[in-house]
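Examination of the molecular architecture
In case you want the letters, here they are:
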Amino acid sequence: LHGARGRLMRTLACIAMGVVAASSLMPSAAAAQQPTVHVLEGGPTTVAWGYYWSEAPPVLRIESGDIVEMSTFLTSSPDRLERAGIPPEQVEPALRAVYAEVTERGPGGHILTGPVYVEGAEPGDVLEVRILSVEMPLAYGYNGCSGYIREACEGVGMKIVWLDREQNTAEFLPGVTVPLAPFFGSMGVAPPSDAGRWSSVPPWIHAGNIDNKEMVAGTTLFIPVHVAGALFEAGDGHAAQGDGEVDQTGIETSLRGRFQLIVRKDMSIEWPRGETPPHHIAMGSDEDLAEATRIAIQQAIALLGDVYDIAPGDAYQLISVACDLRITQLVDRKMGVHVMIPKSL
């Protein structure tokens, strides 16, 4: 008994110290469960210029749960960047190659990396997009001027904004410092096949150009799947943006991101949803801002029912009492509204 007690005490001590003895046996088993990491560099053969499309040929095929690290491009030409003051040597060679070699373009203007085919994804499923990291490879971005009140742009052109990536800030004007929070303005899947070749500009049920600044590293986007393989694409990087994106641009820049793409067959949603550590996010978009608001509220009611089993009427009242509606953007043909639902409730 004394010997058994001693062995037990030593075992408990090992457990308290992190199971040192057992941990030496775990790496091989854990390694077998690690997702495969794929690297997808943006370039002439790996981009979809201006569209999400059910017929777009995939540039990469992965298994559900795999991680894709991809580079994406800002939405401006090398010539425009140089005219605005970017030294030629600081324009990405890959961006020059895309402009020189890609002839299949439109109807939108965003250069999106992808599409990525996720094995097992079928219409009716949900693609869970875990945004693991977002990096800013360039020391600059730009802000254009157009958007919701174009007459306010009189006398203003493209502004180059230099990024302090160590401090994660940018001096937008003398004495005016903007905090940086990089995110991909466009992340989406192919829309339903009868939608045809969908412009990269308006968001919709496939997500796409949602321009939701909440979707930074450490957050998750849930997108309903409409075609086999989902056909995920991403781009339209922002170093910073305000809700509304009223002049049609944030601080536009190229980004590099890591996404874990997971097929969810246990979920069913009509519109994209987001999740951050403190919030659930319901989204809606439409050409009419009032209708976009109605859709977002309806989706928030559905989310509260799905996740917390709250009855529709109670959910509607809760949204009014404790949730915030925000204008995602006003400038992408279909305007966006999202509802911030605090998990702390």
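Fair warning: this is a prediction, and the values are worked out from it, not measured in the lab.

**Brief notes about the overall build of the chain**
From N to C terminus, the chain includes 7 helices and 22 strands. Against the compact-globule benchmark of 20 Å for 345 residues, the chain has a radius of gyration of 23 Å, which places it among compact chains. Within the chain, the proportion of its 345 residues that are buried is 52%. Contacts spanning at least 24 positions in sequence make up 75% of the contacts within the chain whose residues lie at least 6 apart. Entry remark: accessible area of the chain is about 16,000 Å², with carbon and sulfur atoms responsible for 54%.

**As for the side chain of E69**
Mapped onto the elements of the fold, E69 is located in strand 5 (residues 67-71). Exposure remark for E69: the relative accessible area of 18% places this residue in the buried category. Ignoring any residue separated from it by four or fewer positions in sequence, one finds E69 in contact with H38, V39, L40, R256, G257 and R258.

**Some words on helix 5 (residues 93-101)**
Two residues of an α-helix separated by three or four positions point the same way, owing to the 3.6 residues in each turn. Along helix 5, the residues that are buried comprise L95, A97 and V98. Projected down its long axis, helix 5 shows its buried positions confined to an angular sector of 160°, all on one face. Residues of helix 5 that are exposed and angled more than 90 degrees away from the buried face: P93 and A100. As for helix 5, its buried residues are in contact with strand 2 (47-49), helix 4 (78-83) and strand 6 (111-118).

**Some remarks on the confidence of the model for the chain**
Summing up the model confidence of the chain, the mean pLDDT is 92 and the portion of residues at 70 or higher is 91%. In this model residues 1-32 is a low-confidence stretch, pLDDT under 50, and it forms 2 contacts with partners more than four residues away in sequence or in other chains.

**Topic: the nonpolar core**
Core analysis: the biggest nonpolar cluster contains 39 residues, and F232, F259 and L261 have the highest contact counts within it. Ignoring any residue separated from it by four or fewer positions in sequence, one finds F232 in contact with M70, T113, G114, P115, V116, L127, V129, M187, G188, V189, F259 and L261. Ranked by size, the runner-up nonpolar core spans 15 residues in total, among them V47, F73, I111 and L138.

**A look at the packing of aromatic side chains**
Under the criterion given, the structure shown has 6 aromatic pairs. Aromatic pair Y51 and W53: ring centres 6.2 Å apart, planes at 85°, arrangement edge-to-face. By relative accessible area, Y51 is classed as buried at 7%. Among the aromatic residues, those joined into a cluster by ring pairs are F184, F232 and F259. Geometry around F172 places K159 over its ring, the cationic atom sitting 5.3 Å from the centre. In this arrangement the basic side chain of R197 is found over the ring face of Y51, its NZ or CZ atom lying 3.8 Å from the centre.

What counts and how
- Residues numbered from 1 in each chain as written.
- Predicted model: local features only at pLDDT ≥ 70, side-chain atom pairs only at ≥ 80, totals over all residues.
- Heavy atoms only, no water.
- Helix = DSSP H or I, 4+ residues; strand = E, 2+ residues; numbered from the N terminus.
- Rg over C-alpha atoms; globule rule 2.2 N^0.38 Å.
- Buried < 20%, exposed > 50% of the residue type's maximum accessible area, 1.4 Å probe, protein only.
- Contact = heavy atoms within 4.5 Å.
- Areas by Shrake-Rupley, 256 points an atom, 1.4 Å probe, with all protein chains shown as cover.
- Arc of directions from axis to C-beta.
- pLDDT = per-residue confidence, 0-100.
- Core = buried A, V, L, I, M, F, W, Y, C linked by side-chain atoms within 4.5 Å.
- Phe/Tyr/Trp six-rings, centres within 6.5 Å; stacked < 30°, edge-to-face > 60°.
- Lys NZ or Arg CZ within 6 Å of the ring centre and 35° of its normal.

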